[in-house]
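An overview of the molecular structure
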Amino acid sequence: MELYYSFSILIVLASFFAYLNLRFLRFPPAIGIMAIAMISSILLVSFGKIFPEFLMDFSQLLIGVDFTEVLMGAMLNFLLFAGAIHINIADLREQKLPVMLFSSVSVIISTFIVGMVLYWALPLIGMELPLIYCLLFGALISPTDPVAVLSILKNAKVPKSLETKVAGESLFNDGVAVVVFAVILKLTSGHSADINLGNVSWLLIKEAGGGFLLGTILGFTASNSIKNVNDYIVSVLITLSVVMGGYLIAHAMHISGPLTMVTAGLIIGNYGKRTAMSDETKDYLNKFWELIDEIMNAVLFLFIGFELLLIPNILEYWKGGLIAIIVVLFARFLSIWVPTLFIRFKQKFSKGTIKILVWGGLRGGVSIALALSAQDNEYRPLLIAITYFVVVFSILVQGLTVGKVADKALASEKA
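What you see is a predicted model; the values in this text were computed from it and never measured. Residue positions are counted from 1 within each chain, in the order its sequence is given. Local features in a predicted model are, by the rule used here, given only for residues with pLDDT of at least 70; side-chain atom pairs are given and counted only at 80 or more, and totals for whole chains, interfaces and linings are based on all residues. To get the side-chain values, take all heavy atoms of the structure and skip hydrogens and water.

Considering the overall build of the chain
Stated formally: Each helix corresponds to a stretch of at least 4 residues labelled H or I by DSSP, and each strand to a stretch of at least 2 residues labelled E; elements are numbered beginning at the N terminus. Atoms counted for the radius of gyration: C-alpha only. Globule rule: 2.2 Å times residue count to the power 0.38. Contact definition: two residues touch when any of their heavy atoms are within 4.5 Å. The Shrake-Rupley method, run with a 1.4 Å probe sphere, supplies the accessible areas, and residue values consider only the shown protein chains as cover. The positive count covers Lys and Arg only, the negative count covers Asp and Glu only, and His and the chain ends enter neither. Here the site of a charge means atom NZ of a Lys, CZ of an Arg, CG of an Asp or CD of a Glu.
Helix and strand counts for the chain come out as 19 helices and zero strands. Scaling as 2.2 N^0.38, a compact globule of 415 residues should have a C-alpha radius of gyration of about 22 Å, and the chain matches this with 21 Å. By its C-alpha atoms, the chain is 60 × 55 × 55 Å across when sized along the principal axes. A separation threshold of at least 6 residues defines the contact pool for the chain, and within that pool the share at least 24 residues apart is 84%. When the accessible surface of the chain is split by element, carbon and sulfur atoms take 68% of a total near 19200 Å². Across the chain, 28 positive and 27 negative side-chain charges occur, with their mean positions spaced 13 Å apart.

Following this line, the structure appears as structure tokens:
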């Protein structure tokens, strides 16, 4: 019952904050909810000095929810499937080369640039973080967050081809990022005996290839099942079973759950809608997953806002956070620019396009969840704090301005 109570409180708060945002702030829903949650966190800390028991009770509520497990093990699967089911696979196919490079090569480039530059820069402000932990931070902060990206892109007026590049990259880069993070995390724990090129390559093939294969099987099986019944209620239940049962299978087989969900969502959202569904079923399915997407996003960004309460003395790390923001943006630029040198012979990437891709690469809950999964030692507070600074800057500043940046970049190219 404790889980039910906790989830009930979060839903009530999410709906209340969504109302306040729509009534007064009028930010994009996810950003508005997170901003109000952060303001509430600051007020709670101030209020907690007068009534410490109240602050402690609310903090215990957040501590009782394993953010890493809730996001990576449950919410992310629903959000990825809900995002993928609305993506046109024909548009994605047109952008397949940049999406493939940005979701793999760019993640690796960014990981090492962030790690090396941060290792050099932090001592300048009197902070120390071993190189392996700087690389760990690079691995967890380099992938763009599909939840944040898809949520913000709904409200940003960017060209369809650019939207497909950014959304496609964010959907597929988790497989590479999680493998890189897992390898470096093992090195921080001293378990390096079984880490070599062969094992890492096999882990990547197993995670990514297994996720694609399982997602393909689930997607086509679900589509054919929907075709046989042609009932919108059963169709919705089938898609729910794909997400929930598919994750259990992926988890048991130690393959990528996120890639399984993305692949299954793409197949059901394209092949399934085209061949297996009536207009009524399509309409109900679209509305159901849009609603799930909005609810999950609201709760997730509420979590991110309230995570501020769980980072003690966060203001002590503001200099490190500022450096991390600059380093991550610099690494994002290089990780986008370098691959475009190799695909320019097929498709030209202008300065404006690169600028939009850099500024539109948002970080979100996935980075925080990975940071929280790091082992508990003297470096963990700094790692979590600078991750939080980057994520908050990414969502509040980049998320609110990506549309304006896109408009200016595209207007300057036309002039």
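Side note on the packing of aromatic side chains
For clarity, the threshold we go by: The criterion for an aromatic pair is that two Phe, Tyr or Trp rings (for Trp, the six-membered ring) have centres within 6.5 Å, with stacked assigned to planes under 30 degrees apart, edge-to-face to planes over 60 apart and tilted to the rest. The classification of residues rests on relative accessible area computed with a 1.4 Å probe and restricted to protein chains. Under 20% of the type maximum is buried, over 50% is exposed, and intermediate values are partly exposed.
Evaluation of the coordinates by the stated rule reveals 12 aromatic pairs. When the centroid spacing of 5.0 Å and the interplanar angle of 45° are considered together, the rings of Y133 and Y379 count as tilted. Of the two residues, Y133 is situated in helix α8 (residues 131–141) and Y379 in the loop between α18 (365–372) and α19 (380–414); the sequence distance between them amounts to 246 residues. Owing to a relative accessible area of 6%, Y133 belongs among the buried residues under this scheme.

Here we look at the side chain of T281
In plain terms, the rule: Here a polar contact is recorded for every N or O atom pair within 3.5 Å, except that within protein the pair must consist of a potential hydrogen donor and a potential acceptor, and residues adjacent in sequence are included only if both atoms are side-chain atoms.
Checked against the element boundaries, T281 lands in helix α15 (residues 279–306). A distance of 3.1 Å separates the side chain of T281 from the side chain of S278, its partner in a polar contact. Every residue in contact with T281, bar those within four places of it in the chain, is listed here: N230, D231, Y232 and S235.

What to know about unusual backbone geometry
The residue N230 is not glycine, and still its phi comes out positive at about 50°. Summarising the element assignment, N230 is placed in the loop between α12 (197–229) and α13 (232–253). For H254, which is not a glycine, the phi torsion comes out positive at approximately 60°. The residue H254 is located in the loop between α13 and α14 (257–275) in this model. On the accessibility criterion, H254 (54% relative accessible area) is exposed.

Brief notes about helix α11 (residues 174–188)
Selection criterion: An expected span of 1.5 Å times one less than the residue number is assigned to each helix.
Look at α11: 21 Å from first C-alpha to last across 15 residues, which is about the 21 Å you get at 1.5 Å a residue. Those residues of α11 not exposed but buried are D174, G175, V176, A177, V179, V180, F181, V183, I184 and T188.

Focus on the nonpolar core
To keep things clear, this is the line we draw: In these notes, a set of buried Ala, Val, Leu, Ile, Met, Phe, Trp, Tyr and Cys residues joined through side-chain atoms within 4.5 Å is what counts as a nonpolar core.
In terms of nonpolar packing, the biggest core is built from 138 residues, with F137, W289, I304 and F306 touching the most fellow members. Take this core: its biggest share by element is 13 residues, from α19.

Notes on the packing of α11 against α12
Going by this rule: Axis definition: a line fit to C-alpha positions, over the contact stretch in the case of helices; interaxial angles, taken between N-to-C directions, run 0 to 180 degrees. It is the rotation of the near helix from the far one that decides the hand of a crossing: anticlockwise by less than a right angle makes it left-handed, clockwise makes it right-handed. For this classification, the nonpolar set comprises Ala, Val, Leu, Ile, Met, Phe, Trp, Tyr, Cys and Pro, the charged set comprises Asp, Glu, Lys and Arg, and every other residue, Gly included, is treated as polar.
One way to put it is that α11 packs onto α12 with a least axis distance of 10 Å and a crossing angle of 145°. Crossing handedness for the pair α11 and α12: right-handed. Two secondary-structure elements touch here, α11 through G175, V176, V179 and V183 and α12 through V200, L203, L204 and E207. Across the contact of α11 with α12, the residue classes break down as six nonpolar, one polar and one charged.

Interpretation in functional terms is not warranted from these geometric data alone.
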